[in-house]
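Coordinate inspection notes
If you want the building blocks of each chain, they are given just below.
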Amino acid sequence: RDGAPALRILTAPAREEAGVRVVPVELRGRAEQRAVLHARGRILLADRLPEPGKSSVHPRLKPFPGPDDRIYHEPLFHGPDLRGIRHVEGCSEEGIAAIVDRAPAPSRWIRKPLRSRWIADPLVLDCAFQLMIVWSFDQRGAGSLPVYAGSYRQFRASFPEDGVRIAAAVSDSGEHRAVADIEFRDLSGALVARLDG
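It should be emphasised that the depicted structure is a prediction, and the values quoted were computed from it without experimental measurement.

Right, let's talk about the overall build of the chain for a bit. Looking only at helices and strands, the chain has 2 helices and 10 strands in total. Reading the secondary structure of the chain in the N-to-C direction produces β-β-β-β-β-β-α-α-β-β-β-β. For 197 residues, the compact-globule estimate of 2.2 N^0.38 gives 16 Å, and the chain sits close to it at 18 Å. Judged by the C-alpha coordinates and their principal axes, the chain covers about 50 × 40 × 35 Å. Counting across all 197 residues of the chain, residues that qualify as buried make up 34%. Considering only intrachain contacts with a sequence separation of at least 6, the fraction spanning at least 24 residues in the chain is 53%. Carbon and sulfur atoms make up 53% of the accessible area of the chain, which amounts to about 12,600 Å² in all. Counting 29 positive and 26 negative side-chain charges, the chain places the averaged centre of each group 6 Å from the other.

Written out as structure tokens, the structure reads:
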């Protein structure tokens, strides 16, 4: 009503699949008097978190020239609240890795938050996409904004307080695209979450 775009979140009834309940979801809006599908996905509901399994993202990296904060002048464009990359460990044709910070409490970013803590930390997730922008500039000389995620799985109730190590292994890339599998680990190396495709 104040000029902000109206979005609708649509769901269908949950159905049982391989021991979990699956809820189809869509995020829709309107543009120029027509309906627009912004995103589509499936939410998996279970009574416990999945087992993490073994880590499979291990790109061989080369040292990344510092200082680390230079990436927020070029190629990144994020303001102070979204500058979560603490230290880029390395980058190569195979991928990129960094230590990143968690987001502040929801009440710092949202006027009336529904929760007092994040489930999936928005700053950590955004840092994964920021790292792919850094990778594409470093390796291809051009930026690449995220437009798709194959799947996201989180193996803990929340992200660790002391920071997260993100490692991205690029599986396919070209002049105008890059595809990676991304793992989020605590600082001891245990798998916290995984973003595929």
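A separate point is the environment of F137. Structurally, F137 is set in helix α2 (residues 122-140). When the C-alpha positions of F137 and E74 are compared, they lie 9.3 Å apart, and in sequence the two are 63 residues distant.

Within strand β6 (residues 95-100), 6 of the 6 residues are buried, which leaves it mostly tucked inside the rest of the structure. Neither face of β6 is open: one carries G95, A97 and I99, the other I96, A98 and V100, and all of them are buried. Examined bridge by bridge, strand β5 (residues 85-92) and β6 share 6 bridges and lie antiparallel to one another. Within β6, the residue paired with C91 across the bridge is I96. Adjacent in sequence and paired antiparallel, β5 and β6 are bridged by 2 residues. With 6 bridges joining them, β6 and strand β8 (residues 164-173) adopt antiparallel strand pairing. Paired with A97 across the two strands is A167, which belongs to β8.

Counting residues in each nonpolar core, the largest one holds 32 residues, and the members touching the most others are I85, I166, I182 and F184. Of all the elements in the fold, those that place two or more residues in this core are β5, β6, α2, β8, β9 (178-185) and β10 (191-196). The leading source of residues in this core is α2, at 9 residues.

Looking at the element boundaries, H78 is found in the loop between β4 (34-45) and β5. A relative accessible area of 8% means that H78 is categorised as buried. Look past the residues within four positions of H78 in its chain and what remains in contact with it is Y72, R83, D126 and Q130.

Moving on: the sheet that holds β5. Strand order in the open sheet made by the 6 strands is β5-β6-β8-β9-β10-β7, with antiparallel pairing throughout. The outermost strands of the open sheet, each flanked by one partner alone, are β5 and β7 (151-154). Along the sheet, successive strands turn relative to each other by an average axial angle of 15°, direction set aside. Here β7 runs beside β10; their pairing, made up of 4 bridges, is antiparallel. Bridge pairing in β10 places R153 opposite R194. Of the strands in this sheet, β5, β6, β7, β8, β9 and β10 touch α2, which is tilted by about 50° from β8.

What follows covers the packing of aromatic side chains. Counting across every chain of the model gives 2 aromatic pairs. Both rings, one in W109 and one in W118, keep their centres 6.1 Å apart while their planes meet at 55°; by these two values the pair is tilted. Residue classification places W109 among the partly exposed positions, given a relative accessible area of 30%. The class for W118 is buried, based on a relative accessible area of 16%.

Conventions and cut-offs
- Residues numbered from 1 in each chain as written.
- Predicted model: local features only at pLDDT ≥ 70, side-chain atom pairs only at ≥ 80, totals over all residues.
- Heavy atoms only, no water.
- Helix = DSSP H or I, 4+ residues; strand = E, 2+ residues; numbered from the N terminus.
- Rg over C-alpha atoms; globule rule 2.2 N^0.38 Å.
- Buried < 20%, exposed > 50% of the residue type's maximum accessible area, 1.4 Å probe, protein only.
- Contact = heavy atoms within 4.5 Å.
- Areas by Shrake-Rupley, 256 points an atom, 1.4 Å probe, with all protein chains shown as cover.
- Lys, Arg positive; Asp, Glu negative; His and termini not counted.
- Charge placed at Lys NZ, Arg CZ, Asp CG, Glu CD.
- Pairing = 2+ DSSP bridges.
- Core = buried A, V, L, I, M, F, W, Y, C linked by side-chain atoms within 4.5 Å.
- Axes fitted to C-alpha atoms, helices over the stretch in contact; angles between N-to-C directions.
- Phe/Tyr/Trp six-rings, centres within 6.5 Å; stacked < 30°, edge-to-face > 60°.

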